[in-house]
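Descriptive structure summary
Listed below, chain by chain, are the residues.
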Amino acid sequence: MSTIIRELIAEPLDLPLWEPFKIATGTKDAALNVLIRVVLEDGTTGFGEVAPSPYTTGDTRETVLAVMDQLSSAVVGKDIRSWRGILNETRKLVRYQVAAHSGLEIAVLDAFGKSRGVALADMFGGVKKSVETDITLSLGTPEKAGEDAAKFIKQGFSKLKIKVGMDVQADADRIVAVRDNAPDAEISLDANQAFSPKDAVELVRRANARGANISMFEQPVRKDDFEGMRFVRDHCPLPVAADETVFTPEDALRVVREGVADMINIKVAKCGILGALEIISICRAANLGLMIGAMMESKIGLAASVHLSCGFGCFAHNDLDSVYLLKPFECEGGFTLDGSNFSVEGITGGTGIVYEPK
Ligand SMILES: [Mg+2]
């Protein structure tokens with residue numbers, strides 16, 4: 001079996017959503033992603049994916065395709081058994097295009113795992129075979145939020161994440177509508193940087209005064225407002241999670257040093273898999289909690305995060321729900337889904353993804 005990389009292929013992957021998804025920074029009607037394939041000389045194929053997000057990671061489909069074009073010559077001809085060596089080199093060539101690079105990391109590791117016959121979850125430690133995800137309610141009216149909450153509970157979800165950041169009173173009304181329809185659910189919030197520190201605290205106060213019992217608040221204020229994050233943390237009786245604030249291991253170190261969050265939300269699109277491994281170590285050493293999230297990846301890219309989470313078994317909160325928002329399409333492997341549970345049982349190489357582009 002040859003372990004030499006023959007080809008790096010990147011191409012558009014259009015994925016329709018069930019319904020438009022609204023957060024504080026905009027609305028998405030479809031996911032205009034990029035499919036990445038790393039093909040070895042023996043035909044073994046590793047699959048990766050990037051879900052570009054101009055606001056969060058600064059990528060568009062065009063920039064991702066351009067980066068992959070640029071990296072091709074640094075990847076082709078290399079031996080997949082030196083996966084970290086290959087990625088160390090390519091990472092030097094694309095210092096700021098992290099999301100694009102993360103798609104390459106996923107494809108390289110998938111190819112490595114398939115070539116060596118080891119599932120990524122096992123390579124990361126094999127701690128768990130399955131993890132439970134939350135599901136996210138996008139911005140909208142309280143009525144719609146209440147209906148969605150009831151629907152998701154019926155489908156077997158027990159953790160609901162509510163996007164907030166419209167307006168303190170309107171958000172409090174939505175949170176209470178969700179609580180009324182999901183009395184036993186774990187409810188968390190994500191403002192995607194939308195609030196001032198005082199408004200964030202006020203939202204938690206008003207919602208909890210009406211019995212919301214919120215479990216966690218993600219990125220309440222601007223990503224670079226460290227003082228604001230600390231203010232929210234000091235004035236709210238719940239854990240604060242840093243999402244957009246942390247892209248790199250250096251960002252994670254700053255969060256630890258300045259004591260501005262209780263947990264960090266790792267996303268492969270923000271830091272790649274290599275960066276995720278370092279951030280996990282930093283959080284563990286500093287007694288910070290860990291959660292794992294995703295962008296609008298389909299099963300192809302999301303599989304890497306599911307394997308990372310199962311393999312380490314260290315994420316207190318899994319926010320891996322993009323597959324529920326996208327319409328299904330033909331794609332084998334990766335994981336199996338049962339309600340809110342992802343399982344990697346039976347995957348024997350890499351993420352196990354097999355996909356034939358149309
Ligand atoms: Mg978030």
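Not measured: the values here are computed from a predicted model.

1. A closer look at the overall build of the protein
- Along the protein, the regular secondary structure elements total 12 helices and 14 strands.
- Its C-alpha atoms put the protein at 65 × 40 × 35 Å along the principal axes.
- Contacts spanning at least 24 positions in sequence make up 73% of the contacts within the protein whose residues lie at least 6 apart.
- If you sum the accessible surface of the protein, you get close to 14100 Å²; carbon and sulfur atoms cover 49% of it.
- Distance between charge centroids for the protein: 2 Å, based on 39 positive and 50 negative side chains.

2. Overview of the packing of helix H3 (residues 98-116) against helix H10 (residues 268-285)
- Orientation of H3 relative to H10, taken along the N-to-C sense of each, is 45 degrees, at an axis distance of 7 Å. In this view, H3 runs oblique relative to H10, as classed from their interaxial angle. For the element pair H3 and H10, the recorded crossing hand is left-handed. The segment H3 lies against H10, with Val98, Ala99, Ser102, Glu105, Ile106 and Leu109 engaging Val268, Ala269, Lys270, Cys271, Gly272, Ile273 and Leu274.
- In terms of residue class, the contact of H3 with H10 is made up of 9 nonpolar, 2 polar and 2 charged.

3. Points about the pairing of strand E3 (residues 45-50)
- Where burial is concerned, most of E3 is hidden: 6 out of the 6 residues are buried.
- Both faces of E3 are covered, namely the face carrying Thr45, Phe47 and Glu49 and the face carrying Gly46, Gly48 and Val50.
- Across 6 bridges, strand E2 (residues 26-40) lies against E3 in antiparallel orientation. Across the sheet, residue Ile36 finds its bridge partner in E3, namely Gly48.
- Once E2 ends, the chain turns through 4 residues before running back antiparallel as E3, passing Gly43 with a positive phi of about 95 degrees.

4. Some details on the sheet that holds strand E13 (residues 336-338)
- Pairing is antiparallel in the open sheet, where 3 strands are placed in the order E4-E14-E13. The outermost strands of the open sheet, each flanked by one partner alone, are strand E4 (130-132) and E13. The sheet shows a mean angle of 20 degrees between the axes of neighbouring strands, taken without regard to direction.

5. Focus: the side chain of Asp243
- Take Asp243: it is sitting in the loop between strand E9 (240-242) and helix H9 (249-258).
- Using a relative accessible area of 0% as the deciding quantity, one classes Asp243 as buried.
- Among all residues touching Asp243, those that are not within four sequence positions of it are Glu218, Gln219, Asn265, Lys267 and Lys270.

6. What to know about the environment of Asp184
- Among the structural elements, Asp184 can be located in the loop between helix H6 (168-181) and strand E7 (186-190).
- Classification of Asp184 by relative accessible area gives exposed; the value is 78%.
- Each C-alpha atom of the pair Asp184 and Gly228 lies 31 Å from the other, and the pair is 44 residues apart in sequence.

7. Observations regarding the pairing of strand E6 (residues 159-163)
- Counting buried positions over the 5 residues of E6 gives 5, a clear majority of the element.
- Of the two faces of E6, both are covered, the one formed by Lys159, Lys161 and Lys163 as well as the one formed by Leu160 and Ile162.
- Taken together, the 3 bridges between strand E5 (residues 135-137) and E6 define a ladder with parallel strand orientation. Bridge pairing in E6 links Ile135 to Leu160.
- With helix H5 (residues 142-154) bridging E5 and its parallel neighbour E6, the resulting β-α-β unit is right-handed.
- Inspection of the sheet shows E6 paired to E7 by 5 bridges, in the parallel sense. Residue Lys159 lies in a different strand from E7, and its bridge partner there is Glu186.
- What joins E6 to E7 is H6, and the crossover it makes is right-handed.

8. A closer look at the domain arrangement of the protein
- Per the domain assignment, the segments making up the protein are domain 1 (5-117) and domain 2 (122-343).
- With centres defined by C-alpha atoms, the gap from domain 1 to domain 2 works out at 23 Å.
- Interface of domain 1 and domain 2: buried area, both sides summed, is about 3000 Å²; carbon and sulfur atoms make up 72% of it.
- Linking domain 1 with domain 2 are 1 salt bridge, by the criterion used here.
- Across the pair Lys144 and Glu19 runs a salt bridge, and its minimum N-O distance is 3.0 Å.
- Of all the secondary-structure elements, those providing two or more residues to the side of domain 1 that touches domain 2 are strand E1 (5-23), E2, E3, helix H2 (83-93) and H3.
- Among the elements that take part in the side of domain 1 that touches domain 2, E1 stands out by supplying 10 residues, more than any other.

Cut-offs and rules
- Residues numbered from 1 in each chain as written.
- Predicted model: local features only at pLDDT ≥ 70, side-chain atom pairs only at ≥ 80, totals over all residues.
- Heavy atoms only, no water.
- Helix = DSSP H or I, 4+ residues; strand = E, 2+ residues; numbered from the N terminus.
- Contact = heavy atoms within 4.5 Å.
- Areas by Shrake-Rupley, 256 points an atom, 1.4 Å probe, with all protein chains shown as cover.
- Lys, Arg positive; Asp, Glu negative; His and termini not counted.
- Charge placed at Lys NZ, Arg CZ, Asp CG, Glu CD.
- Axes fitted to C-alpha atoms, helices over the stretch in contact; angles between N-to-C directions.
- Parallel < 35°, antiparallel > 145°, perpendicular 65-115°, else oblique.
- Left-handed = near helix turned anticlockwise from the far one by under 90°.
- Nonpolar A, V, L, I, M, F, W, Y, C, P; charged D, E, K, R; others polar.
- Buried < 20%, exposed > 50% of the residue type's maximum accessible area, 1.4 Å probe, protein only.
- Pairing = 2+ DSSP bridges.
- Right-handed = clockwise from strand over helix to strand, strands pointing away.
- Domains from an automatic or database assignment.
- Buried area = accessible area lost by both parts, 1.4 Å probe.
- Salt bridge = Lys/Arg side-chain N within 4 Å of Asp/Glu carboxyl O.

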